[in-house]
Amino acid sequence: MTAGQQLDLANGGVGTKLTQPEISISEHLLEARTSGRALSKFPGTPPASLNEAYAIQTHSIQHWPGHVSGWKVGGIPEDLRHELGADWLVGPIFYRNIRHAMPGVSTPMPIFDGGFGAIEPELIVKLGATRDQDRMFIGAEIASSPVPDINGYGPTAVICDFGNNNGLLIGPEVVDWATYGQPITVSILIDGKLVGTRTLERLSDQAIPARDFCIEHAARTGRLLSPGMFVSTGAITGIHEAKVDARSSISFAELGEIDLDLTREGPLS
């Protein structure tokens, strides 16, 4: 266990003991991810509750050959929020899947060929020792799963599969982000076509609620968030599905731009 991971393994992260079918879900998803292959469907019946889903996620994190360096926050569909008792969900971002964008360079970001793949422009918070020391960067989450229709199985299935995360691209830092008062228009091109745009009136309105949810969720479930960890704070313009070899350019207006190419995920080396 590394310092960056810091999970409360004594209670499985959520205090729920796994059943054999739940262990099987974890094992099938882990095998698909480590081998870089797609699955035809979700491997089993998705859990009925968030607790069960997070228990499976925690089990998978324990058996993943790498450490957690951040967490993604994603929205739960509005029609399911009352039933599940949450507005958001979280998933781990592993160190090996984090890339830093370079000016004028298109960064390769892998997805599961034949599985699900999408690009999501996001604001990324790097946690400090206190909230006043948190830093912000523009960037993108790469949502990808070996399961082609992972979102169609619902939020608990997404949670089981690391929150449908397979990468984080971190762009330029936003200086004085907490007091930045100008509206920012975010837009994304995929293969030269505009697929999404949205104007944020204030950056803090987008980032702070998701960051705070991630911190509160960690406290409830026994996960400790260390300074230096990243929190990807949710899709700004939507979930933009794309295939291997797609090229994307994301603009955050005067805050900067990042470019990426979707590549084929291979076996874990």
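Placed above this text is the structure.
Here goes a summary of the coordinates provided. Treat the numbers as computed from the prediction; the structure is a model and nothing was measured.

Rules of the game
- Positions within a chain are numbered from 1, following the residues in the order the chain's sequence is written.
- Only residues with pLDDT of 70 or above have their local features reported here, since the model is predicted, and side-chain atom pairs are shown and tallied only from 80 upward, although totals for entire chains, interfaces and linings are computed over all residues.
- Working from all heavy atoms in the structure, the side-chain values ignore hydrogens and water.
- Buried Ala, Val, Leu, Ile, Met, Phe, Trp, Tyr and Cys residues that are joined via side-chain atoms within 4.5 Å together make up what is termed a nonpolar core.
- With a 1.4 Å probe rolled over the protein chains alone, any residue whose accessible area is under 20% of its type maximum counts as buried; one over 50% counts as exposed, and the rest are partly exposed.
- The secondary structure listing takes helices from DSSP runs of H or I that are at least 4 residues long and strands from runs of E that are at least 2 residues long, numbered from the N terminus.
- Every helix has an expected span of 1.5 Å times one less than the residues it contains.
- Any Phe, Tyr or Trp ring, taking Trp's six-membered ring, that has another such ring centre within 6.5 Å forms a pair; planes under 30 degrees apart are called stacked, those over 60 apart edge-to-face, and the others tilted.
- Any N or O atom pair separated by 3.5 Å or less is treated as a polar contact, with the protein-specific requirement of one donor-capable and one acceptor-capable atom, and with residues adjacent in sequence counted only for side-chain atom pairs.
- Contact between two residues is taken to exist if any of their heavy atoms lie within 4.5 Å; hydrogens are not considered.
- Strand pairing requires that DSSP identify at least two bridges connecting the strands.
- To obtain each axis, a line is fitted to C-alpha atoms, and for helices this fit is confined to the stretch in contact; angles are then taken between N-to-C directions over 0 to 180 degrees.
- Under this scheme an angle from 65 to 115 degrees is roughly perpendicular, one under 35 degrees roughly parallel, and one over 145 degrees roughly antiparallel; angles in between are oblique.
- For any helix crossing, the convention is left-handed if the near helix is rotated counterclockwise from the far helix by under a right angle, and right-handed if that rotation is clockwise.
- For this classification, Asp, Glu, Lys and Arg are treated as charged, while Ala, Val, Leu, Ile, Met, Phe, Trp, Tyr, Cys and Pro are nonpolar and the rest, including Gly, are polar.

Notes on the nonpolar core
Piece 1. Formed by 70 residues in total, the largest nonpolar core has its most connected members in Ile 119, Leu 123, Leu 203, Ile 250, Leu 260 and Leu 262.
Piece 2. In this structure, Ile 93, Ile 124, Leu 168 and Ile 170 belong to the second largest nonpolar core, which totals seven residues.

Examining helix 2 (residues 50–62)
Piece 1. Between its first and last C-alpha, helix 2 extends 18 Å over 13 residues, near the 18 Å set by a 1.5 Å rise per residue.
Piece 2. Burial analysis of helix 2 places 10 of its 13 residues in the buried class, which makes it a mostly covered element.
Piece 3. Every buried residue of helix 2 is listed here: Leu 50, Ala 53, Tyr 54, Ala 55, Ile 56, Gln 57, Thr 58, His 59, Ser 60 and Ile 61.

A look at the packing of aromatic side chains
Piece 1. Taken as a whole and judged by the stated rule, the model has five aromatic pairs.
Piece 2. With a centroid separation of 5.7 Å and 35° between ring planes, the pair formed by Phe 42 and Tyr 153 is classed as tilted. Remark: Tyr 153 occurs in the loop between strand 6 (135–145) and helix 4 (155–160) and Phe 42 occurs in the loop between helix 1 (20–35) and helix 2; sequence separation between them is 111 residues.
Piece 3. Of the residues examined, Phe 42 reaches a relative accessible area of 3% and is grouped as buried.
Piece 4. Residue classification places Tyr 153 among the partly exposed positions, given a relative accessible area of 31%.
Piece 5. A centroid spacing of 5.6 Å and a plane angle of 85° characterise the contact between Trp 64 and Phe 162, whose relative ring orientation is edge-to-face. Highlighted residues: Trp 64 in the loop between helix 2 and strand 1 (68–75) and Phe 162 in the loop between helix 4 and strand 7 (165–174), separated in sequence by 98 residues.

Re the side chain of Thr 237
Piece 1. In this structure, Thr 237 sits in the loop between strand 10 (230–232) and strand 11 (240–241).
Piece 2. A polar side-chain atom of Thr 237 sits 2.7 Å from a polar atom in the side chain of His 240.
Piece 3. Those residues in contact with Thr 237 that sit more than four places away from it in its chain are Pro 121, Val 186, Ile 188, Gly 196, Thr 197 and Arg 198.

Focus: the sheet that holds strand 12 (residues 247–251)
Piece 1. Strand order across the open sheet formed by five strands is 4-13-12-8-9, with mixed pairing between neighbours. Strand pairing shows two members of the sheet lacking a second neighbour, strand 4 (106–111) and strand 9 (193–200), which therefore form its edges. With direction set aside, neighbouring strand axes in the sheet form an average angle of 20°.
Piece 2. Of the pairings in the sheet, the one linking strand 4 to strand 13 (residues 257–264) comprises six bridges and is parallel in character. Bridging across to strand 13, Thr 107 finds its partner in Leu 260.

What about the side chain of Asn 165?
Piece 1. Structurally, Asn 165 can be placed in strand 7.
Piece 2. Under the relative-accessibility criterion, Asn 165 is labelled buried at 2%.
Piece 3. Within the local environment of Asn 165, its side chain forms a polar contact with the side chain of Glu 141, the two groups lying 3.2 Å apart.
Piece 4. A polar contact of 3.2 Å, which involves the side chain of Asn 165, links it to the backbone nitrogen of Gly 167.
Piece 5. Look past the residues within four positions of Asn 165 in its chain and what remains in contact with it is Arg 33, Lys 72, Pro 92, Ile 93, Glu 141, Ile 142 and Ser 144.

As for the packing of helix 1 against helix 2
Piece 1. In contact at an axis separation of 9 Å, helix 1 and helix 2 are set at 50° when each is read in the N-to-C sense. Taken together, helix 1 and helix 2 sit at an angle that is classed as oblique. Crossing of helix 1 over helix 2 shows right-handed handedness. Contact residues: helix 1 offers Glu 22, Ile 23, Ile 25, Ser 26 and Leu 30, while helix 2 offers Glu 52, Ile 56, His 59 and Ser 60.
Piece 2. Tallied by class, the residues present in the contact of helix 1 with helix 2 amount to four nonpolar, three polar and two charged.

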